[in-house]
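# Residue-level structural notes
Each chain, letter by letter, is given below.
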Amino acid sequence: MQGLLHHVEIYVSNLQRSKEFWGWLLEQLGYEVYQQWEKGQSWKLGETYLVFVQAEERFLDVPYHRSRVGLNHLAFHAASRAKVDELTHSLTERNVAILYQDKHPFAGGNDYYAVFFEDPDRIKVELVAPQN
């Protein structure tokens, strides 16, 4: 287990909005609610969990941008290309914009089947199918 990712904690601008978005997505990927408190919530899969915490008002004046120093994106394994397609359809139904639509689902390359999109704070998220 040494070296495996234990958890990731992300501060968000609107906890309720992030819980709705991430809760739906993570539960589609097999995560379960792990911890809940007034200012945050986490979801866990195996030994790894993701934590979302409401940022304090005084830190909300500069919005997140993935091109600044810090986290660029989170990428998750999908079970199959069919699962990527299913989630792409569900994301579209939920009015989540798909990034790189002109190259979708091969925006990462000819042998890289994935969907790219953003969370409510514009953190890029990626779901990647196994290679054939």
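Here is a short report on the structure shown in this document. (Residues numbered from 1 in each chain as written. Predicted model: local features only at pLDDT ≥ 70, side-chain atom pairs only at ≥ 80, totals over all residues. Heavy atoms only, no water.)

### A short note on the pattern of salt bridges
Here is the rule we go by: Salt bridge, as used here, is a side-chain nitrogen of Lys or Arg placed within 4 Å of a carboxyl oxygen of Asp or Glu.
Overall, the coordinates contain five salt bridges when judged by the stated rule. The residue Arg 122 makes a salt bridge to Glu 118 at a minimum N-O spacing of 3.1 Å.

### Here's the deal with unusual backbone geometry
Most peptide bonds take the trans configuration, and most residues that are not glycine carry a negative phi. Our working rule: Helical segments are the DSSP runs of H or I of at least four residues, strand segments are the runs of E of at least two, and each set is numbered from the N terminus. To sort residues, take the accessible area from a 1.4 Å probe on protein chains only and compare it with the maximum for the residue type: under 20% means buried, over 50% means exposed, and anything in between is partly exposed.
Residue His 104 is joined to Pro 105 through a cis peptide bond whose omega torsion reads 5°. You can see Pro 105 is positioned in the loop between helix H2 (81-93) and strand E6 (114-118). Despite not being glycine, Asn 95 has its phi angle at roughly 65°, a positive value. Along the chain, Asn 95 falls in the loop between H2 and E6. Classification of Asn 95 as exposed rests on a relative accessible area of 71%. If you check the backbone angles, Arg 122 has positive phi at about 75° while not being a glycine.

### Side note on the sheet that holds strand E2 (residues 32-37)
Which entries qualify depends on this criterion: Two strands are said to pair when DSSP picks up at least two bridges between them. Lines fitted to the C-alpha atoms define the axes, with helices restricted to the stretch that makes contact. Angles between their N-to-C directions range from 0 to 180 degrees. Two residues qualify as a contact provided that any one of their heavy atoms is within 4.5 Å of a heavy atom in the partner residue.
Read from one edge to the other, the open sheet built from four strands follows the order E1-E4-E3-E2, with strand pairing classed as mixed. Where the open sheet ends on each side, the last strands, each with one partner, are strand E1 (7-12) and E2. Here the average twist between neighbouring strands, direction ignored, is 20°. Where E2 lies against strand E3 (residues 40-45), five bridges are found, and the strand directions are antiparallel. Residue pairing in the sheet places Gln 36 in a bridge with Gln 41 of E3. In the packing of helix H1 (residues 15-28) onto the sheet, the strands contacted are E1, E2, E3 and strand E4 (48-54), and the crossing angle to E3 comes to about 10°.

### Some words on the packing of aromatic side chains
Our working definition: Two rings from Phe, Tyr or Trp (for Trp, the six-membered ring) form a pair when their centres are within 6.5 Å of each other. A pair whose planes differ by under 30 degrees is stacked, one over 60 is edge-to-face, and the rest are tilted.
For the structure on display, the rule yields nine aromatic pairs. When the ring of Tyr 34 is compared with that of Tyr 49, the centres are 4.9 Å apart and the planes differ by 50°; the resulting orientation is tilted. In this pair, Tyr 34 sits in strand E2 while Tyr 49 sits in strand E4, placing the two residues 15 residues apart along the sequence. Classification of Tyr 34 as partly exposed rests on a relative accessible area of 38%. Tyr 49 gets classed as buried once you look at its relative accessible area, which sits at 12%. Where Tyr 100 meets Phe 116, the ring centres are 5.3 Å apart and the plane angle is 75°; that geometry is what we call edge-to-face. You can see Tyr 100 sitting in the loop between H2 and E6 and its partner Phe 116 sitting in strand E6, a full 16 residues away along the chain. For Phe 116, a relative accessible area of 7% translates into the label buried. By way of ring pairs, the aromatic residues Phe 21, Trp 22, Tyr 31, Trp 43, Phe 52, Phe 76 and Phe 117 are connected into one cluster.

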